[in-house]
Amino acid sequence: CAFAGITSGINATQDAIICGGTLNVEGDDGVDDGFQGYGTVIQRNFFHKIRRVVYGRKFFNSAIIRDNTVWNTCGAADNTPCFEIDGDPTNNLSKAIGNTVTGNLIEMTNYAYGIKIENSEKGYYLNTFFDSSAKSLAAYRLGYAALSNRIDEMYTSTGLAIIEDNSQYKNNIIFRIDP
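Residues numbered from 1 in each chain as written. Predicted model: local features only at pLDDT ≥ 70, side-chain atom pairs only at ≥ 80, totals over all residues. Heavy atoms only, no water.

Things to note about unusual backbone geometry
Alright, step 1. Here Lys122, not a glycine, exhibits a phi torsion of approximately 55°, which is positive.
Alright, step 2. Among the secondary structure elements, Lys122 is positioned in the loop between strand S12 (120–121) and strand S13 (124–130).
Alright, step 3. One non-glycine residue, Ala145, lies in the positive phi region at around 60°.
Alright, step 4. You can see Ala145 is positioned in the loop between strand S14 (138–142) and strand S15 (146–147). (Helix = DSSP H or I, 4+ residues; strand = E, 2+ residues; numbered from the N terminus.)

Overview of the sheet that holds S12
Alright, step 1. Sheet architecture is open: 3 strands sit in the order S9-S12-S15, paired in parallel fashion. Looking at the sheet topology across the chains shown, the edges are occupied by strand S9 (96–97) and S15. (Pairing = 2+ DSSP bridges.)

A word on the nonpolar core
Alright, step 1. Formed by 31 residues in total, the largest nonpolar core has its most connected members in Val53, Phe60, Val70, Phe83 and Ile115.
Alright, step 2. Per element, the largest residue contribution to this core is 3 residues, and it comes from S14.
Alright, step 3. Look past the residues within four positions of Phe83 in its chain and what remains in contact with it is Val53, Val54, Ile65, Val70, Asn104, Ile106, Gly114, Ile115 and Lys116. (Core = buried A, V, L, I, M, F, W, Y, C linked by side-chain atoms within 4.5 Å. Buried < 20%, exposed > 50% of the residue type's maximum accessible area, 1.4 Å probe, protein only. Contact = heavy atoms within 4.5 Å.)

Remarks on the sheet that holds strand S5 (residues 54–56)
Two pairing modes exist for strands in a sheet, parallel and antiparallel, and in both the strands are linked by backbone hydrogen bonds.
Alright, step 1. Read from one edge to the other, the open sheet built from 6 strands follows the order S2-S5-S8-S11-S14-S17, with strand pairing classed as parallel. On the outer flanks of this sheet lie strand S2 (17–19) and strand S17 (161–165), each paired with one strand and no other. In this sheet, adjacent strand axes meet at a mean angle of 10° when their direction is disregarded.
Alright, step 2. When strand S8 (residues 83–86) meets strand S11 (residues 113–118), the two strands line up parallel, connected through 4 bridges. By the bridge assignment, Glu84 is partnered in S11 with Lys116. (Axes fitted to C-alpha atoms, helices over the stretch in contact; angles between N-to-C directions.)

A short note on the packing of aromatic side chains
Alright, step 1. For the structure shown, the criterion picks out 5 aromatic pairs.
Alright, step 2. When the ring of Tyr125 is compared with that of Tyr140, the centres are 6.2 Å apart and the planes differ by 75°; the resulting orientation is edge-to-face. Within this pair, whereas Tyr125 is found in strand S13, its partner Tyr140 is found in strand S14, the two being separated by 15 residues in sequence.
Alright, step 3. Positioned above the aromatic ring of Tyr55 is the side chain of Arg52, whose terminal nitrogen or guanidinium carbon lies 3.9 Å from the ring centre.
Alright, step 4. Across the ring face of Tyr113, the terminal group of Arg141 is positioned such that the distance to the ring centre comes to 6.0 Å. (Phe/Tyr/Trp six-rings, centres within 6.5 Å; stacked < 30°, edge-to-face > 60°. Lys NZ or Arg CZ within 6 Å of the ring centre and 35° of its normal.)

A closer look at the environment of Ala63
Alright, step 1. Position of Ala63 among the secondary structure elements: in the loop between S5 and strand S6 (64–66).
Alright, step 2. Judged by relative accessible area, which is 2%, Ala63 ranks as buried.
Alright, step 3. For the pair Ala63 and Ala134, spaced 71 residues apart in the sequence, the C-alpha separation amounts to 32 Å.
Alright, step 4. Contacts of Ala63, omitting those with residues within four sequence positions, involve Thr40, Gly98, Asn99 and Thr100.

Structural data, given as structure tokens:
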């Protein structure tokens, strides 16, 4: 599939895939209900003129996001990341657990962060980051309550920091894989 927005670069305003809302409700069909897509696979998509590619929220557990291409026409004016895994964006009571985000190509031209992980545990991350710019701060941003995640960094643009860690936890595991 291809997801195409209307505006380009830092002017992009459309999110492509939002999984779950902000309520601790499951299966009630409300727009703000949690996500019950255990085992969901989001793969082999192309994103063009998109702000946030995937936003995983309440009950975003055991999902696989792999082999997607995020073109350099995507981005955000603020620090909205390309991929955001935040199990509970409202009160930090639940977590996103056991997600895998691998094999994605993220062109960082118009992003501050490629992937933001917050209120999330036991995830696995291995991606490729190209074309960082002055706007790009880090490939990954570990936010509040990012716990026991593993990040295997494959490739980042020259000068792009791999991690910005604001997680308050020191048991995230980070490996660099040199070709």
